[in-house]
Amino acid sequence: MNLNNIVIVLDHPDESRNIGAACRAMANNDISELRIVGNKADYDIEHIHVLAIHAGGIFDKANFYNSITEATADCSICAGTTRRRGKKRGKLLLPEEFADMADDITGAPVVSTGSTTGDTCDGHSTTGGKVAVIFGNERTGLTDEQLDQCNLGVTIPSSDIFGSLNLSHAVQIMSYHLFRKNLTSSRETYRGYTPLTLERVDRTVQTITDNMQKIGFFKMPGREDMENFWRSILSRASLSEGEAQYLEKTFDKMAGLARKNTGK
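Residues numbered from 1 in each chain as written. Predicted model: local features only at pLDDT ≥ 70, side-chain atom pairs only at ≥ 80, totals over all residues. Heavy atoms only, no water.

Looking at the layout of surface pockets
Then, in step 1: Of the pockets and cavities examined, the second largest pocket occupies roughly 410 Å³.
Then, in step 2: In terms of lining residues, the second largest pocket is bounded by 22 residues, among which Thr-82, Arg-83, Gly-141, Ser-164 and Leu-165 are the most central.
Then, in step 3: Tallied by class, the residues present in the lining of the second largest pocket amount to seven nonpolar, ten polar and five charged. (1 Å grid on protein atoms, 1.4 Å probe; cavity = no way out; pocket = protein on both sides within 12 Å on 5 of 7 lines; lining within 4 Å. Points joined across faces, edges and corners; volume = space filled by probe spheres on them. Nonpolar A, V, L, I, M, F, W, Y, C, P; charged D, E, K, R; others polar.)

The structure is reproduced here in structure tokens:
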């Protein structure tokens, strides 16, 4: 597990103090990258720093975005946290199951010798893909529309009578599971490639669905569902660049053969 590749995303949090407490929870677990969907001017920085204690620097370095899709474009996968189950929410992972997946994707930090290209100045390898964990607004959580921008869902089991968690508590639980996975991971090596970003996966999805449309696999109204299907599958597969190109060439060839056979 490379905790430097874990990204915490808060989608339009209501309460400035909750952001500060979330920063403290992140710092407790060696996670430092915070992204917020919303407007920085809407928050009280003093209140944030009071609750963050000595972790205020996490907020000070946070980046702000207009959507979950924009905030996670450079990530290999993004997981929306939700308490509610529903028809559109699909299979939900438990935090420990998600930590196993994140471990595979993020790679492992490697101490730099000072001569390896790609190492950061703090001595940790940058190899591996970024994994984003998305948290919704304190009052409403993540809506179905917001979850549609995620690749999978994660749920934290809680009481049927009083199941709602404070935002910072949810961040603490998810961060802790990732931190524990980092502690217990015994691997000394990791995958030899960086998984594709969601932005790059979308290009492969477009190639696949363009070619499927060319051979008459579906009409235009069915394209969006097919794109969502391929995006979900390919992002969870953590493709390499070579694998994505192989898929693209396969579907290009399929469409070419279909046109050739139609001509005959």
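Re the environment of Lys-40
Then, in step 1: Mapped onto the fold, Lys-40 is located in the loop between β2 (33-37) and α2 (45-52).
Then, in step 2: Using a relative accessible area of 36% as the deciding quantity, one classes Lys-40 as partly exposed.
Then, in step 3: For the pair formed by Lys-40 and Ala-62, sequence separation is 22 residues and the distance between their alpha carbons is 9.4 Å.
Then, in step 4: Setting aside anything within four residues of it in sequence, one finds Lys-40 in contact with Ile-45, Phe-59 and Phe-64. (Helix = DSSP H or I, 4+ residues; strand = E, 2+ residues; numbered from the N terminus. Buried < 20%, exposed > 50% of the residue type's maximum accessible area, 1.4 Å probe, protein only. Contact = heavy atoms within 4.5 Å.)

Digging into the pattern of salt bridges
If charged atoms from side chains of opposite charge come close, those side chains can pair.
Then, in step 1: Taken as a whole, this structure holds eleven salt bridges when the rule is applied.
Then, in step 2: One salt bridge in this structure joins Arg-139 and Asp-14, with 2.6 Å as the shortest N-O distance. Of this pair, Arg-139 sits in the loop between β6 (131-135) and α6 (144-147) while Asp-14 sits in the loop between β1 (6-11) and α1 (16-28), and the two are 125 residues apart along the sequence.
Then, in step 3: Overall, Arg-139 belongs to the exposed group, its relative accessible area being 65%.
Then, in step 4: In this structure, Arg-223 and Glu-227 form a salt bridge, with 2.9 Å as the shortest nitrogen-oxygen distance. Here Glu-227 and Arg-223 lie together in helix α9 (residues 223-236), a separation of four residues that amounts to about one turn. (Salt bridge = Lys/Arg side-chain N within 4 Å of Asp/Glu carboxyl O.)

Details of the confidence of the model for the chain
Then, in step 1: Of all residues in the chain, 86% have pLDDT values of 70 or greater, and the mean over the chain is 86.
Then, in step 2: Every residue in residues 186-190 is under pLDDT 50, and counting partners more than four places away or in other chains gives eight contacts. (pLDDT = per-residue confidence, 0-100.)

Here's the deal with helix α8 (residues 198-214)
Then, in step 1: End to end, α8 covers 24 Å across 17 residues, agreeing with the expected 24 Å (1.5 Å per residue, within 8%).
Then, in step 2: By the burial criterion, the buried members of α8 are Leu-198, Arg-200, Val-201, Thr-204, Val-205, Thr-207, Ile-208, Thr-209, Asn-211 and Met-212. (Expected span 1.5 Å × (residues − 1).)

What about the packing of α8 against α9?
Then, in step 1: Two numbers describe how α8 lies on α9: the axes approach to 9 Å, and their chain directions differ by 135 degrees. With respect to α9, the element α8 is oriented oblique. As for the relative orientation of α8 and α9, their crossing is right-handed in sense. The segment α8 lies against α9, with Leu-198, Val-201, Asp-202, Thr-204, Val-205, Gln-206, Ile-208, Thr-209, Asp-210, Met-212 and Gln-213 engaging Arg-223, Met-226, Glu-227, Trp-230, Arg-231, Leu-234 and Ser-235.
Then, in step 2: Along the lines of polarity and charge, the residues of the contact of α8 with α9 split into eight nonpolar, five polar and five charged. (Axes fitted to C-alpha atoms, helices over the stretch in contact; angles between N-to-C directions. Parallel < 35°, antiparallel > 145°, perpendicular 65-115°, else oblique. Left-handed = near helix turned anticlockwise from the far one by under 90°.)

Notes on the state of the cysteines
Two cysteines form a disulfide when their sulfur atoms are joined by a covalent bond.
Then, in step 1: Tallying each qualifying case throughout the model produces zero disulfides.
Then, in step 2: With no disulfide partner, Cys-78 has as its closest neighbouring cysteine sulfur the one in Cys-150, 4.4 Å distant. (Disulfide = S-S within 2.5 Å.)

As for α9
Then, in step 1: For α9, with 14 residues, the first-to-last C-alpha span of 20 Å sits near the 20 Å given by 1.5 Å per residue.
Then, in step 2: Turning to α9, its buried residues are Arg-223, Met-226, Trp-230, Arg-231, Leu-234 and Ser-235. Down the axis of α9, the buried set is contained in an arc of 145 degrees. They therefore lie on one face.
Then, in step 3: Downstream of α9 by one or two residues, Ser-238 has phi in the positive range, about 50 degrees. (Arc of directions from axis to C-beta.)

Concerning unusual backbone geometry
Then, in step 1: At Asp-30, a residue that is not glycine, the phi angle is positive and equals roughly 60 degrees.
Then, in step 2: Its location among the elements puts Asp-30 in the loop between α1 and β2.
Then, in step 3: Unusually for a residue other than glycine, Ile-53 sits at a positive phi of about 60 degrees.

Some remarks on the sheet that holds strand β3 (residues 63-65)
Paired through backbone hydrogen bonds, the strands of a sheet run either parallel or antiparallel to each other.
Then, in step 1: One open sheet holds the seven strands; their spatial order is β3-β2-β1-β6-β4-β7-β5, and the pairing between them is parallel. Pairing within the sheet leaves two strands with one partner each, and these edge strands are β3 and β5 (92-93).
Then, in step 2: Summarising the sheet, β1 and β2 pair through five bridges and their orientation is parallel. The residue of β2 that forms the bridge with Asp-11 is Val-37.
Then, in step 3: Across the sheet, α1 lies against β1 and β2, angled at about 155 degrees from β2, the strand it touches most. (Pairing = 2+ DSSP bridges.)

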